[in-house]
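Each chain, letter by letter, is given below.
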Amino acid sequence: MLESYPKIEVEDPFGVPPDTLGLSADEMRRLGYRVVDLVVDRAMRRNQEHAILEASPAELLARLGGPLPEEPGDPDAALELMAEVALSHQQHGDHPRYFARVPGPASFAAILGEWMGTGFNTIAASWGGGSGPAAVEMTVCRWIAELLGMPPETEGVLVSGGSLGNLTAFAVARSENGPGVAYLTDQTHSSLPRDLRALGWAEEDIRILPAGAGLRMDLADLRAAIAADKAAGRRPALVIATAGSTNTGAVDPLEGIADLCRDEGLWFHVDGAYGGPAALVPEGRAALAGMERADSVVLDPHKWLFQPYDVGVCLVTRPAALERAFAMHPEYLKDVQATTGAVNFGNRSLELTRRSRALKLWMSLRTYGAKRFREAVRAGIRTAELAERLLRADPATWEVVTPAQIGIVCFAFRGAKPGEHAAAAKAVSDSGFACVTSTSLQGQSALRLCTINPLTTEADIAETLRRLAAARPG
Ligand SMILES: Cc1ncc(COP(=O)(O)O)c(C=O)c1O
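On a predicted model such as this, the values are computed, not experimentally measured, just so you know. (Residues numbered from 1 in each chain as written. Predicted model: local features only at pLDDT ≥ 70, side-chain atom pairs only at ≥ 80, totals over all residues. Heavy atoms only, no water.)

**Brief notes about the sheet that holds strand β10 (residues 437–441)**
Here is step 1: With respect to topology, 4 strands assemble into an open sheet ordered β8-β9-β11-β10, the strand pairing being antiparallel. This sheet does not close on itself; its edge strands, each paired only once, are β8 (398–405) and β10. This sheet shows a mean twist of 35° between the axes of neighbouring strands, independent of strand direction.
Here is step 2: Sheet analysis places strand β9 (residues 408–413) next to strand β11 (residues 444–450), joined by 4 bridges and oriented antiparallel. Considered in β11, the bridge of Cys410 is made with Arg448.
Here is step 3: Helix-sheet contacts for helix α13 (residues 358–392) involve β8, β9 and β11, and the interaxial angle to β8 is about 160°.
Here is step 4: Sheet strands touched by helix α14 (residues 420–431): β9, β10 and β11. Its angle to β9, the strand with the most contacts, is close to 115°. (Pairing = 2+ DSSP bridges. Helix = DSSP H or I, 4+ residues; strand = E, 2+ residues; numbered from the N terminus. Axes fitted to C-alpha atoms, helices over the stretch in contact; angles between N-to-C directions. Contact = heavy atoms within 4.5 Å.)

Below is the structure:
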């Protein structure tokens, strides 16, 4: 095994034990295989498990807390307690009937990539300190840019998710284009205005426009806001478009925004944290047309690219802009940063010491190929369309509030009264059968399904709708 793995000749291998703190090789293997069994057993029975499970702090801390263990304990008992109590009490984003917020339908090959990185204690900070993982990350960023149809000069960095991806892009936007007013809508994910504030954007430079028709950014409103700011002596700097809003899957008019940003000299950012992967299939690519013209794009592979938490990607189309915003050159990092053509990923975001989030993407893309990813994305888009058809087939019970849009459909009880949606969603979620949430769309209450898990079947959707209708109060 690993015969070609480079070795050095040492006269005395010093009898190094395999585990720093004392487990034998046999125990390491046995416990490792046990972990694989726990994970695969759970994956095989996930359909019978609660889509979401929560307990009180008192209950959970009584089982998981206790005094600091000073003496060694039983690792088998710890693993079992972890699986049975800690890991069962969460939202199971890979459950076929987890429809709330944004599911996390992680694939097993990606999980293997994550495990390998942890097992080899991988660091992806600099070329000199981790040239292998850096080459994997360069490759993965290129593959993702290609999957999205971004220009070949696009560069990227992997971060923890959409929140940090957008923050990274905004820091680059300001470093390239200077400070000034940022434009977004009331449908922009709430982490984005938080990112702007955290970066020191003044409140008067954060322009949150009410979304227009279809809950999309209204181009005329945007144009008017830019003109008003210029007339008031302020400096427009950045437009933040959403490609797939969390609430409804709506895509802002990206082509029009791209034209406006070009004409006005503004940085054009696209938050595709949720919807970006729709570009893997022609119907999604058409819905997202214009995204490839962005200066920066964020997407979250831990949502719709079938990766375990966490991983977000920040892509920037201007070469070396990430480094201009984030590079540091202290004397103690000189030895690891020198090579031509190398990327020091610690110079592309606020994270210096960082694990390799690229390994899981690389592993899963090599295992399944882009083809299987495309099929899985297409399945998510189609499942939301199927849900819309089932809702429209029963107009006495349901009203469609926003149509199926890249994997999300919003709907309401016909003649709904206040509180009914939240109550029905809670009843179904508490039962464990499915996890559904309600939302509010500019004041109108609605239920919402996000259907990006390719394992979800028509029967899953039909039975979830039946149970929601049955759970309607009154
Ligand atoms: C559109 C959008 N942007 C940003 C985020 C924030 O991403 P994260 O939770 O990965 O930080 C989300 C999360 O759901 C999202 O849906």
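That shown, we press on.
**Details of the UniProt feature "modified residue: N6-(pyridoxal phosphate)lysine" (unreviewed entry) in the protein chain**
Here is step 1: Mapped onto this structure's residue numbering, the UniProt feature "modified residue: N6-(pyridoxal phosphate)lysine" (unreviewed entry) falls at Lys303.
Here is step 2: Take Lys303: it is sitting in helix α11 (residues 301–304).
Here is step 3: Owing to a relative accessible area of 17%, Lys303 belongs among the buried residues under this scheme.
Here is step 4: A polar contact is formed between the side chain of Lys303 and the side chain of Asp300, at a distance of 2.4 Å. (UniProt positions renumbered as here; feature names shortened; annotations may be inferred. Buried < 20%, exposed > 50% of the residue type's maximum accessible area, 1.4 Å probe, protein only. Polar contact = N/O pair within 3.5 Å; in protein donor to acceptor, adjacent residues only side chain to side chain.)

**Thoughts on helix α3 (residues 75–86)**
Here is step 1: When we look at burial in α3, the residues that qualify are Asp76, Leu79 and Val85.
Here is step 2: Its buried side turned inward, α3 meets α1 (25–44) and α2 (57–64).
Here is step 3: For α3, the capping residue at the N-terminal end is Asp74, with a side-chain oxygen 2.9 Å from the backbone nitrogen of Asp76.

**Focus: the nonpolar core**
Here is step 1: Counting residues in hydrophobic clusters, the biggest one holds 61 residues, and the most contacted among them are Leu148, Leu222, Phe268, Val270, Met291 and Trp304.
Here is step 2: For this core, the element with the highest residue contribution is α13, accounting for 8 residues.
Here is step 3: Once you skip the residues sitting within four places of it in the chain, Phe268 turns out to touch Val239, Ala241, Leu254, Ile257, Ala258, Cys261, Gly290, Arg293, Ala294, Asp295 and Ser296.
Here is step 4: Ala171, Ala182, Ala237 and Leu238 belong to the second-largest nonpolar core, a separate cluster that totals 29 residues. (Core = buried A, V, L, I, M, F, W, Y, C linked by side-chain atoms within 4.5 Å.)

**A closer look at unusual backbone geometry**
Here is step 1: Cis geometry marks the peptide bond from Tyr309 to Asp310, where omega comes out at -5°.
Here is step 2: Note on placement: Asp310 falls in the loop between α11 and β7 (312–316).
Here is step 3: With a phi close to 35°, Arg101 is a non-glycine residue in the positive phi region.
Here is step 4: Within the element layout of this structure, Arg101 appears in the loop between α3 and α4 (108–119).

**Things to note about a nonpolar patch on the surface**
Here is step 1: There is a patch of nonpolar side chains on the surface, built from Val36, Phe108, Leu112 and Trp115 and spanning about 280 Å² of accessible area.
Here is step 2: No other element matches α4, which puts 3 residues into the nonpolar patch.
Here is step 3: Following the sequence through the fold, Val36 ends up in helix α1. (Patch = residues over 30% accessible without salt bridge, like charges linked within 9 Å, V, L, I, M, F, W, Y side chains within 5 Å. Areas by Shrake-Rupley, 256 points an atom, 1.4 Å probe, with all protein chains shown as cover. Salt bridge = Lys/Arg side-chain N within 4 Å of Asp/Glu carboxyl O.)

**Notes on the sheet that holds strand β3 (residues 206–209)**
Here is step 1: Strand order in the open sheet formed by 7 strands is β1-β7-β6-β5-β4-β2-β3, and the pairing between neighbours is mixed. Both edges of this open sheet fall to β1 (155–159) and β3, since each of them pairs with a single strand only. If you compare each strand with its neighbour and ignore which way they point, the axes differ by 20° on average.
Here is step 2: Summarising the sheet, strand β4 (residues 236–242) and strand β5 (residues 267–271) pair through 5 bridges and their orientation is parallel. Its bridge partner being in β5, Val239 is matched across the sheet by Phe268.

**Some thoughts on the pairing of β3**
Here is step 1: As judged from the 4 bridges shared by strand β2 (residues 181–185) and β3, these two strands associate in the parallel manner. Its bridge partner being in β3, Thr185 is matched across the sheet by Leu209.

**Details of the pattern of salt bridges**
Here is step 1: A full pass over the atoms with the stated rule returns 34 salt bridges.
Here is step 2: Asp94 is the salt-bridge partner of Arg46, the closest N and O atoms lying 3.1 Å from each other. Of the two residues, Arg46 sits in the loop between α1 and α2 while Asp94 sits in the loop between α3 and α4, which places them 48 residues apart along the sequence.
Here is step 3: Residue classification places Arg46 among the buried residues on the basis of a relative accessible area of 15%.
Here is step 4: For Asp94, a relative accessible area of 14% puts it in the buried group.
Here is step 5: In this structure, the salt-bridge partner of Glu388 is Arg392, at a minimum N-O distance of 2.8 Å. Taken together, the residues Glu388 and Arg392, both in helix α13 and 4 residues apart, mark about one turn of the helix.
Here is step 6: On the basis of relative accessibility, which here comes to 15%, the residue Glu388 falls in the buried class.
Here is step 7: On the accessibility criterion, Arg392 (48% relative accessible area) is partly exposed.
Here is step 8: When salt bridges that share partners are traced, they join Glu114, Asp310, Glu351, Arg355, Arg357 and Lys360 into one network.

**Description of the packing of aromatic side chains**
Here is step 1: As enumerated under the stated definition, the model contains 6 aromatic pairs in all.
Here is step 2: Note on Trp398 and Phe411: the rings are 5.2 Å apart at their centroids and 80° apart in plane angle, and the pair reads as edge-to-face. Taken as a pair, Trp398 in strand β8 and Phe411 in strand β9 lie far apart in primary sequence, 13 residues in all.
Here is step 3: Overall, the relative accessible area of 5% leaves Trp398 in the buried class.
Here is step 4: With a relative accessible area of 0%, Phe411 lands in the buried category.
Here is step 5: Members of the aromatic cluster, each reached through a chain of ring pairs, are Phe306, Tyr368 and Phe373.
Here is step 6: We note Arg97 situated over the ring of Phe433; from NZ or CZ to the ring centre the distance is 4.1 Å.
Here is step 7: A cation over a ring is seen here: Arg467 above Phe433, with NZ or CZ 3.9 Å from the ring centre. (Phe/Tyr/Trp six-rings, centres within 6.5 Å; stacked < 30°, edge-to-face > 60°. Lys NZ or Arg CZ within 6 Å of the ring centre and 35° of its normal.)

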